[in-house]
Amino acid sequence: MPERRTSRLAPVLHLAPAMSGAAAQTTPSPAPAHGRTPVVVSLDDATKEFDDVRAASHVTLQVARGTILGLIGPSGSGKTTIVRMLTGSLAPTSGQVRVLGEDPTRYRRRTRERIGYMPQQFILYPDLTAAENVSFVAALFGLYWRRRSRRVREVLDLVQLSEARDRRAGRLSGGMQRRLELACALVHEPAVMFVDEPTAGIDPILRQKIWAEFRRLRDEGRTLFVTTQYVGEAEYCDQVALLAEGQLVALAAPEEMRRRALGGEVIELELSRPVETADLANLDGVSAVRWTGPRTLQVVAESAGDATPRVLQAIARLGGEVVRSREHRPTFDEVFARLVARHRAGDGEGEADGDD
Amino acid sequence: MTELPLLLVKTWVRTTSFIGKELTECVRRPGALFSLVLGPFLIMALFGLGYSGQRRPLETVLVLPPGSTLPRDASAYEQLGPVGGLRLVQVTEELEGARERLRRQEIDLIVIAPADLEKQFREGRQSEIGIEFNQIDPIVGNYVRFVAYRQVQELNAKIIELAAGEGQQYAIQALGSQELTRVPPQVIAQPTRAELRNLAQTTPAVVTYFAPAVLALVLQHMAVTLSALSMVRERLGGAMELFRVAPVTPMEILVGKYLGYGFLSVLIAALGAALLVFGLGVPLLGDPAWFAGVILLLSFASLGLGLLISILADSERQAVQLSMLVLLASVFFSGFVLPLEEFLPQVRWFAYALPVTHGIRLLQDLMLRGGTYADWQIWALAAVGIGLFLVSALSLRKSMAHA
């Protein structure tokens, strides 16, 4: 029997997409909390080893229906291994994987018909035209001729490849090939999609378009499991799972991820002159204060909105004068760098502790 | 639509999707199409037009003993009658000179005439006709021995015939007896002769005889090379990853590929057969339906061999190498060049595992004999095809299973 361990992350990381303020800010997510929405994808302590290499280590996460989960991590962090476990190409060494309630290594045909997959590499046929490639994939999923030709037309329209429908796939640009693969993954209208690095090597404008399409699919109630190494794309997801060296570093809504990285919300202040700020940390709702320049400091608070008046008053009492104040929103690069660094330092939960 | 018909329709849709894909991919690769379709046709046409099947007569130098009164002009010997398998290019007394030409392989044979034939004969001794050749090819060497033996037999018969004729003349003159002339000298010299009768419906020329074998070999090679790269490309290109996720079974993939490549193979075989029959005049004496059936079985078994290679090979290079090995084995062991009966029985089993071994025999029989008594080879060909199909299906299933 393989060893069964419960991830330390598990209890705190099962967050529903509805909890995501950021998701609501970027695009409203219709997905309600897990308690009421069926879980479509789940990994429970899933580990995958290749000889002596552990590509995925004790990963536990759940994805509710109608959610975009972004699996983010650097190259070689185990993203594709997790996707391949979910598609059934790889069996976990230990732990449990479930998609649509089934073990992926034993998918029934009906279940497979509800799954879409866009692999990382271009796997289509360069000698077939764009339309022929999509039609072939549609046929693999059992679409009859009439429905197939309608869907081929629709998905090529969707990914803006209608004009290139008769061009051979091998002669399409890299971006067009990615879109063609996306069309193939969508052609049978899957309920859940596994999309492995869809935006790799694609220009920013097209990336926006692809994410817009993902959000549209999400709004239709589909579940998307998307891997990417562009951490900035976390913004587009309802949930973000951060992966490093095969381990899940954090799993949360994007805004929650920011809070965890920084220990809360951060107020950035510019003063006319330096003042003694030791007492600021004792203010109600403030967890940390740090100077980032001779006259600039950051105050970490549970709620920036609530804490800002108190902080301004305290600085005035200390004889300081605030020239400018604003909420500091770190980039996701910074957020993830902090979380990964903290994880590597031994704080495996990746939870912000506010002491930085 | 109820469950089972729906399932069948979807299975049909998935399976047939491979036919279109494989055919389209083949058509879109003009280079591959050229080598696969036109290549075999060119080979067959070159074979038909360029191979005579006639063995070249052995270039021979006759060395006469010193002082011989026999003619020095080679053409003088041609007047004596046809000399089977030999062409006299020189008559000389210079043995060493002739040997030097033999060493340089300018000639094939030296015939050294005995110095005192009549004297030896009268003294009741055999004369020795020296025959020298310079061959490392055992088949040609055997042929030289056969021709030399036959020539000596012919010569002996001529001498006996001559002696018998002289004896009869002497008897008539000396004894006045006509009794002794009743038996002609050639009957005395060669009391028996062979009267050959071929029961075969045709007596094909060499090219005609080999044409069905070439068709079988080309068909197998084409089907093997066509399909041998197929699954390797799917795997290396990453499509296998998609097949693992899609609701397509290994059996549907395999059957789809069989149908796609089978269509191409049968089409090419039909064109090849038409070229043989209408272009090179090779007869098709047997039932065309049986002929078509053998072509189908040969294609089926050959595609199985190719697909098995394709599933087992790690790379395109290895698939090509294995295909070439199959071709090499087919040339040696199928009976195409060397008769199957000359191999050890154990080795013959290996030969029977090759589809082309049965294809050659059956196509030759059906085309040139009008039917076959080796009908067990039809079953054997079907068994090889089914066996390869099952092994391919199992191998594909294994390779598509999760890691």
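Cut-offs used in this document
- Counting from 1, residues in each chain are numbered in the order their sequence is written.
- All chains are assigned letters beginning at A, and all ligands numbers beginning at 1, according to the order in which they are written.
- In keeping with the predicted nature of the model, local features appear solely for residues at pLDDT of at least 70, side-chain atom pairs appear and are counted solely at 80 or more, and the whole-chain, interface and lining totals rest on all residues.
- Start and end points for every domain follow an automatic or database-based domain assignment.
- The nonpolar core is taken to be a set of buried Ala, Val, Leu, Ile, Met, Phe, Trp, Tyr and Cys residues joined by way of C-beta atoms within 7 Å.
- Exposed residues have 12 or fewer other C-beta atoms within 10 Å of their own C-beta, buried residues have 20 or more, and partly exposed residues fall in between, where C-beta atoms are placed from the backbone.
- Helix numbers and strand numbers start at the N terminus; a helix is a DSSP run of H or I with at least 4 residues, a strand a run of E with at least 2.
- By the convention adopted here, residues make contact when the C-beta atoms placed from their backbones lie within 7 Å.
- For this classification, the nonpolar set comprises Ala, Val, Leu, Ile, Met, Phe, Trp, Tyr, Cys and Pro, the charged set comprises Asp, Glu, Lys and Arg, and every other residue, Gly included, is treated as polar.
- A pair of strands is treated as paired once DSSP finds two or more bridges between them.
- Here, axes are lines fitted to C-alpha atoms. For helices the fit covers the stretch in contact, and angles between N-to-C directions go from 0 to 180 degrees.

S.K.: I'd like a description of the domain arrangement of chain B, backed by residues and values.
M.R.: Along its sequence, chain B is organised into domain 1 (11-51 + 205-400) and domain 2 (58-189). On a C-alpha basis, the centroid separation for the pair domain 1 of chain B and domain 2 of chain B is 53 Å.

S.K.: Kindly report on the nonpolar core, identifying the contributing residues and their values.
M.R.: In this structure, Val134, Ala183, Phe225, Ala241, Leu242 and Val299 of chain A are the most contacted members of the largest nonpolar core, which totals 169 residues. Of all the elements, helix H8 (residues 206-228) of chain B adds the most residues to this core, at 14 residues. The next biggest cluster of nonpolar side chains, apart from the first, holds 16 residues, and it includes Val61, Leu86, Ile107 and Val111 of chain B.

S.K.: Give a description of the domain arrangement of chain A that names residues and reports values.
M.R.: Residues and elements named next belong to chain A. Segmentation of chain A into domains returns domain 1 (10-254) and domain 2 (259-344). For domain 1 and domain 2, the distance between their C-alpha centres works out to 37 Å. Every contact between the two is made by ten residues of domain 1 and, on the other side, seven residues of domain 2. Put simply, the parts of the chain that give the side of domain 1 that touches domain 2 at least two residues each are strand E8 (239-244) and strand E9 (247-252). Looking at the side of domain 1 that touches domain 2, the element that brings in the most residues is E9, giving three residues. Classifying every residue of the side of domain 1 that touches domain 2 by side-chain character gives eight nonpolar, one polar and one charged.

S.K.: Pulling in residues and values, what's your account of the interface of chain B and chain A?
M.R.: Taken together, the contact between chain B and chain A spans 22 residues of the former and 24 residues of the latter. Of all elements in the fold, only helix H1 (3-27) and helix H10 (239-245) of chain B reach the threshold of two or more residues within the side of chain B that touches chain A. Looking at the side of chain B that touches chain A, the element that brings in the most residues is H1 of chain B, giving eight residues. By residue class, the composition of the side of chain B that touches chain A is nine nonpolar, five polar and eight charged.

S.K.: Quick one: what's the story with the sheet that holds strand E4 (residues 130-133) of chain B, residue by residue and with numbers?
M.R.: Pairing between the strands of a sheet is mediated by backbone hydrogen bonds and can be parallel or antiparallel. Residue and element names in this part refer to chain B. Strand order across the open sheet formed by four strands is E2-E1-E3-E4, with mixed pairing between neighbours. The open sheet has two edge strands with one neighbour each: strand E2 (86-92) and E4. Here the average twist between neighbouring strands, direction ignored, is 25 degrees. Note: strand E1 (residues 58-63) against strand E3 (residues 109-112), four bridges, orientation parallel. Residue pairing for E3: Thr60 is matched across the bridge by Leu109.

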